[in-house]
Amino acid sequence: MNKLLLLYTILLLSFTSAVSQQLYLPLNRDMTQEYDSYLNKVGIDFHTSMKPYLASDIKKIINMDTTDNVYTSIKADPKYSWLHRKVSYQHFITIDSADYQFYIDPLFDFEGGTDESKNQNTHVNSRGLMFEGNIGSNFSFCATYLETQALFPSYISNFVDSNQVVPGQGRVKDFTGLGRGFDYGVATGYISYAASKYFNFQFGTDKNFIGEGYRSLFLSDNSYEYPFLKITTNVWRFQYTNIFAAMEDLHNSPIAQPAEAANQFFSRKYMTAHYLSYNISKRVNIGLFESVIFADTTNHGAYRVDYLNPIIFYRPIEYSLGSPNNVVMGGALNIKITDNIKFYSQLVIDDFDIDSVKHYSKGAMINKDGIQAGIKWNNLFGVNKLRFQYEFNWVRPYTYSHETTLQNYGNYNQPLADPMGANFYENIAFLSYRTGRFFFEAKLNYAVYGADYDGVDFGGNIYENYTSPNVISTGISTTQGLFTTLIYKEFRMDYLVNPSYNMNIEVGVSLRSQVSSQATATTNWFYIGFKTSLFNHYYDF
C-alpha cells in the first residue's frame, strides 16, 4: 500500500510543464450551462460530469474571443468611464502583472419578498468578499466569505428548525426571537496547483458536483461546504478524480472524550470518492463512481490511511479490512445525440444482493438503489439560447442510510446527493431563454415521496437508523409510508449587471404545494433581489 502511494505521488510531481492559471469557475448552474452549450457539442473531448470546471481546461476547448457566451463576450469599451466599466464589466479591484493577478470583488445578496400564503415578509441580507488570483502559471487561489441575516418562508424556516442548518449554507442562530429569523455565515476557500498538463491538485473547503443533471445521485452541492483534497488526472480520453474529504454530523459526538462531549463537539466522519470518466467516442461518455463514508468510532474519529489508496473500487479493500463502512457505487451513461441534444443518466447502488435482485418484486430492503435519466436541449426549435431540460430521479427507500447513523451518506444534516433523500421519485423540467443580459427561466418540479409517520421509519430520512425495531425489511416499495405529493413551480427573470462576478438583479415567484392525507401546505413566495450569484441554493424540496 505505502509503495503504491509513493509511486503515485512521484508520478504526479514528476511533470513540470507550464500550464494556464488554475482557477475554478463558480459552481453556479446559470453560468455552467452557458459553457455547456459549447462543451456538449459532438466531437468536443471534454469531461462535463465533474464540476466545478477548471477554467484552464475550458480555454483549451473554447475560443473566448469568438464565443457568444455572455460571461466572456461582454467586454467594456475603452471609451466608457471608469465607473461604468467597474459597475457593468470588470472586477471591482484588479492587480495585474506578467507574473501574478489578484481580483477582489464584493459579494452580497439583498433580497426582499413576501410569503402570501402566510402573510409574512421575507428578506435576505448578505454581505461579503471574494479574493482570488494567480501566482505564476501553475498556482491559483480563491477565498470567499458571506455573513447573512435572513427571514425565510415558513417551510424553509421549519426545515432550519428541524435540521439546525439553512439548506446548503451552514448552522444558524436566531437573531429576531421570532423563531424564523436566522443569522449565519459561509466561508469557502481553496488553492489549486497544476503539477503538469495531466494533473491538478485542489485543496480547500468548498463543494463538488458529479453528474450532468440538475440533481446528482452520486455527489451534489446540496449540503454545506467541507474540507477536501481533490486530484484530477486527464490522460487521453480519460479523466480520473480522487476526492478525500471530511464531513460533519451535527449531533453530539458519540466518540468524543467526556470533557469534549460537555462542549457538544460534533461528530467527524470522512469520505473518499473516485470518479472515472471515459469518452468512448465523439458522442458517448461513460462514468464509474465509488465512495466510502467511514468514521473510526474506536479511535475517537481518527482517519484511516487505508482510504488514501487512489485506485478505484474499494469494496475488495472493505472486505479485507472487515469494515462496516458505507460504500456507494454507481455508473453513468451520457450520449450527445446532436450538437444541441444530450441524454444523461446515472445508476447508484448502495446495497446489492444477487438473490434479492432475482426476486426484486418481493421488495427486500437490502436492494438500495436509484436511477436518473434526463435530456438537455439547447437552441430549442432553432432559437439561439432557448433551452429545455427534463430530468427524472427515482431512489428506493433506505438508500444512502446506514445501520450506524454517523456513517450515512450525509453532511451537516443534509444528504450529499439529492435533497429529497430517499424513498421518492421526481420529475423536473426547465425552460429558459437568454438574450443579451436578460435571462428568463420557468421550472416545474413534481415529486412524490413516502414520509415517516406513527414512529415508523419508511426509508426517506437518511439520518434514521434503519436497523431500529420500527423498520420493515420486506415488501419495500418506493413512496411507502405517508404518501405525499410535492409540486414546486418557479419563474424568475434576471438582468446581468456585471458578468465578472455574476452580479444580477432578480425578480421571481415560487409556488409550492405539499399534500398528504394528513395535511396540506402551500407557499406563494414573491421576491426581488440584487445579488452576486456564485452558488446554487436549493429550496425546491
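Scroll up a little and you will see the structure.
## So, the overall build of the protein chain
A count of helices and strands for the protein chain gives nine helices and 26 strands. Roughly 22800 Å² of accessible area belongs to the protein chain as shown, and the carbon and sulfur atoms make up 61% of that amount.

## A word on the side chain of T67
Looking at the secondary structure, you find T67 in the loop between α3 (55-61) and α4 (70-73). At 3.0 Å, the side chain of T67 and the side chain of Y38 are in polar contact. Those residues in contact with T67 that sit more than four places away from it in its chain are Y38, I62, T72 and S73.

## What to know about helix α6 (residues 154-163)
Buried residues dominate α6, accounting for seven of its ten residues. Taken residue by residue, α6 has S154, Y155, I156, S157, F159, V160 and N163 as its buried positions. The positive-phi residue at the C-terminal boundary of α6 is Q164, with phi of around 70°.

## Observations regarding helix α2 (residues 29-39)
By the criterion of burial, α2 is predominantly enclosed, with eleven of the eleven residues buried. Of all the residues in α2, the buried ones are R29, D30, M31, T32, Q33, E34, Y35, D36, S37, Y38 and L39. The distance from a side-chain oxygen at the start of α2 to the backbone nitrogen of D30 is 3.1 Å, and the residue carrying that oxygen is N28.

## Some thoughts on the environment of F289
Mapped onto the elements of the fold, F289 is located in strand β15 (residues 284-294). Discounting residues that sit within four places of it in the chain, F289 has contacts with I210, F218, A273, H274, Y275, V328, M329, G330 and Y409.

## Quick word on the pattern of salt bridges
Applying the stated criterion to the full structure yields 21 salt bridges. The closest approach of N and O atoms between D68 and K385, which form a salt bridge, is 3.9 Å. Of this pair, D68 sits in the loop between α3 and α4 while K385 sits in the loop between β18 (368-377) and β19 (386-395), and the two are 317 residues apart along the sequence. Taking relative accessible area as the criterion, D68 reaches 36% and is therefore assigned partly exposed. The class of K385 is buried, set by a relative accessible area of 8%. Where salt bridges share partners, they join R29, D30, E441, R492, D494, E506 and K531 into one cluster.

## A few points about the nonpolar core
F152, L219, M271, F289, Y400 and Y409 are the most contacted members of the largest nonpolar core, which totals 53 residues. Beyond its immediate stretch of four places on either side in the chain, Y400 contacts L217, N326, V328, V348, D350, V395, N408, Y409, A417, G421 and I462. Membership of the second largest hydrophobic core comes to 26 residues, among which are Y35, L54, I58 and V497.

## Observations concerning a nonpolar patch on the surface
Residues F110, F438, F491, M493, Y495, I505, V507, I528 and F530 make up a contiguous nonpolar surface patch of about 750 Å² in total accessible area. Of all elements in the fold, only β24 (482-498), β25 (503-516) and β26 (520-532) reach the threshold of two or more residues within the nonpolar patch. Relative to the assigned elements, V507 resides in strand β25.

Thresholds applied
- Residues numbered from 1 in each chain as written.
- Predicted model: local features only at pLDDT ≥ 70, side-chain atom pairs only at ≥ 80, totals over all residues.
- Heavy atoms only, no water.
- Helix = DSSP H or I, 4+ residues; strand = E, 2+ residues; numbered from the N terminus.
- Areas by Shrake-Rupley, 256 points an atom, 1.4 Å probe, with all protein chains shown as cover.
- Polar contact = N/O pair within 3.5 Å; in protein donor to acceptor, adjacent residues only side chain to side chain.
- Contact = heavy atoms within 4.5 Å.
- Buried < 20%, exposed > 50% of the residue type's maximum accessible area, 1.4 Å probe, protein only.
- Salt bridge = Lys/Arg side-chain N within 4 Å of Asp/Glu carboxyl O.
- Core = buried A, V, L, I, M, F, W, Y, C linked by side-chain atoms within 4.5 Å.
- Patch = residues over 30% accessible without salt bridge, like charges linked within 9 Å, V, L, I, M, F, W, Y side chains within 5 Å.

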